[in-house]
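Report on the structure
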4 protein chains.
Amino acid sequence: MAHTIKEKSKLLARVRRLKGQAEAVERALEAELGCSDVLMLVASMRGAINGLTAELMEDHIRHHVVNPDNDPDSDRARGAAELIEVVRTYMK
Amino acid sequence: MAHTIKEKSKLLARVRRLKGQAEAVERALEAELGCSDVLMLVASMRGAINGLTAELMEDHIRHHVVNPDNDPDSDRARGAAELIEVVRTYMK
Amino acid sequence: MAHTIKEKSKLLARVRRLKGQAEAVERALEAELGCSDVLMLVASMRGAINGLTAELMEDHIRHHVVNPDNDPDSDRARGAAELIEVVRTYMK
Amino acid sequence: MAHTIKEKSKLLARVRRLKGQAEAVERALEAELGCSDVLMLVASMRGAINGLTAELMEDHIRHHVVNPDNDPDSDRARGAAELIEVVRTYMK
């Protein structure tokens, strides 16, 4: 992984939030909260995982395949920019 | 939530495993493991969340809507059993 | 299936739109449109399938398990209403 | 899109199968088949869409970003091969 320091701290913030969400689900189960409340918490974890996945894929494309910001008029930079766009759409 | 004790401990085991997976992703990011390794860890979290969701929905159907094991020859028991089957298929 | 006539025509309209979307993807591939344009069309099909799934599940719950509009103050009507809410959230 | 002829005919076969699946869902609704049968048909369409998406993304990576088969020992070829692997895992 060759994340920049800024990307790394964003990713760490995301994954710590995910851990916090797992703990909230754990507490909700222990407190015997309603099923549908627990399910809504779990649905928000799923959204957070999709967001984390999209960000990891984007960083991977930028640092290990082609960074669309370098030589932005080349075909491959355009291809990488489109790919990042597609990944974001799919992971929403 | 009106889970049986057995269901509750299964759900808690699932959510603690999820928390452990989030911690593994956190350590992988801190150790600057390869992107694709981190992405595979995150993919397994997504699978775990789908499994937890399916189990919560199934428990909700059994305890708050219709338990297909009670009066199993009734139309509504058959409908609930089919619904549980569909939920399992979709969350796989 | 015991859909009302109104539900059936809504479902048929959805599935015909899906068929139209598949034909648009086919034409886009034949015309050698850009990959990312084709991917966006396919992403919109995925959204349409999720919407169709949610509607089919909701109809199944109403007609084959418990209709939350009948006897709405009962526990099982409340459970069915919550379940429909959860299905809608998950399929969005 | 710069698909090879072979890729193009594979993609067209996939999308035509999808159209056929939409027609099967349409007939099942018209024939008032059971909800859960219709839902299983729709679930198989969702699987087919994920497969089509993965193949389109892979072709896009190969033809518009980096083809991992060209210069396979370079870092960027390795990065592209890993990305294709990740896309396949996520779209399963």
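Let me sum up the structure you'll find in this document. Computed from a prediction, not measured in an experiment: that's the story for all the values here. (Residues numbered from 1 in each chain as written. Chains lettered and ligands numbered in written order. Predicted model: local features only at pLDDT ≥ 70, side-chain atom pairs only at ≥ 80, totals over all residues. Heavy atoms only, no water.)

Turning next to the overall build of chain A. A tally of helices and strands in chain A yields three helices and zero strands. If you list the helices and strands of chain A from N to C, you get α-α-α. Relative to the compact-globule value of 12 Å for 92 residues, chain A shows a C-alpha radius of gyration of 17 Å, a clear excess of over 25%. Counting only C-alpha atoms, chain A reaches 55 × 25 × 15 Å along its principal axes. Counting contacts in chain A only where the partners sit at least 6 residues apart, residues at least 24 apart contribute 56% of the total. Surface exposure of chain A reaches about 4,100 Å², of which carbon and sulfur atoms provide 49%. (Helix = DSSP H or I, 4+ residues; strand = E, 2+ residues; numbered from the N terminus. Rg over C-alpha atoms; globule rule 2.2 N^0.38 Å. Contact = heavy atoms within 4.5 Å. Areas by Shrake-Rupley, 256 points an atom, 1.4 Å probe, with all protein chains shown as cover.)

A separate point is empty space enclosed by the protein. Taken as a whole and assessed by the stated rule, the structure comprises one cavity of 30 Å³ or more. Space inside the largest cavity adds up to approximately 30 Å³. In terms of lining, the largest cavity is formed by Met57, Val87 and Met91 of chain B together with Met57, Val87, Tyr90 and Met91 of chain C. Only helix H3 (75–91) of chain B together with helix H3 (75–91) of chain C provide two or more residues apiece to the lining of the largest cavity. When residues of the lining of the largest cavity are assigned to their parent elements, the largest contribution, three residues, is made by H3 of chain C. The residue inventory of the lining of the largest cavity, partitioned by class, reads seven nonpolar, no polar and no charged. (1 Å grid on protein atoms, 1.4 Å probe; cavity = no way out; pocket = protein on both sides within 12 Å on 5 of 7 lines; lining within 4 Å. Points joined across faces, edges and corners; volume = space filled by probe spheres on them. Nonpolar A, V, L, I, M, F, W, Y, C, P; charged D, E, K, R; others polar.)

Take the relation of the copies chain B and chain A next. In the superposition of chain B on chain A (RMSD 0.0 Å, axial shift 0.0 Å), the rotation amounts to 180°. As the rotation angle and translation indicate, the two copies are arranged about a two-fold axis. Closest to the rotation axis within chain B is the C-alpha of Lys19 of chain B, separated from it by 2.8 Å. (Least-squares fit on C-alpha atoms with pLDDT ≥ 70 in both.)

Note on the identical chains: chain D maps onto chain A by a rotation of 180° and an axial translation of 0.0 Å, with an RMSD of 0.0 Å. When the interface residues of chain D are mapped onto chain A, 100% of them again lie at the interface, so the same face is used by both copies.

Let us now look at the pattern of salt bridges. Evaluated as defined, the whole model comprises 41 salt bridges over all chains. The partner of Glu55 of chain A in a salt bridge is Arg14 of chain A, with the nearest N and O atoms 2.8 Å apart. Of this pair, Glu55 of chain A sits in helix H2 (residues 35–65) while Arg14 of chain A is found in helix H1 (residues 5–30), placing the two residues 41 residues apart along the sequence. Glu55 of chain A sits in the buried class, given a relative accessible area of 11%. Note that Arg88 of chain D is salt-bridged to Glu58 of chain D, the shortest N-O span being 2.9 Å. Of this pair, Arg88 of chain D sits in helix H3 (residues 75–91) while Glu58 of chain D sits in helix H2 (residues 35–65), placing them 30 residues apart in sequence. (Salt bridge = Lys/Arg side-chain N within 4 Å of Asp/Glu carboxyl O. Buried < 20%, exposed > 50% of the residue type's maximum accessible area, 1.4 Å probe, protein only.)

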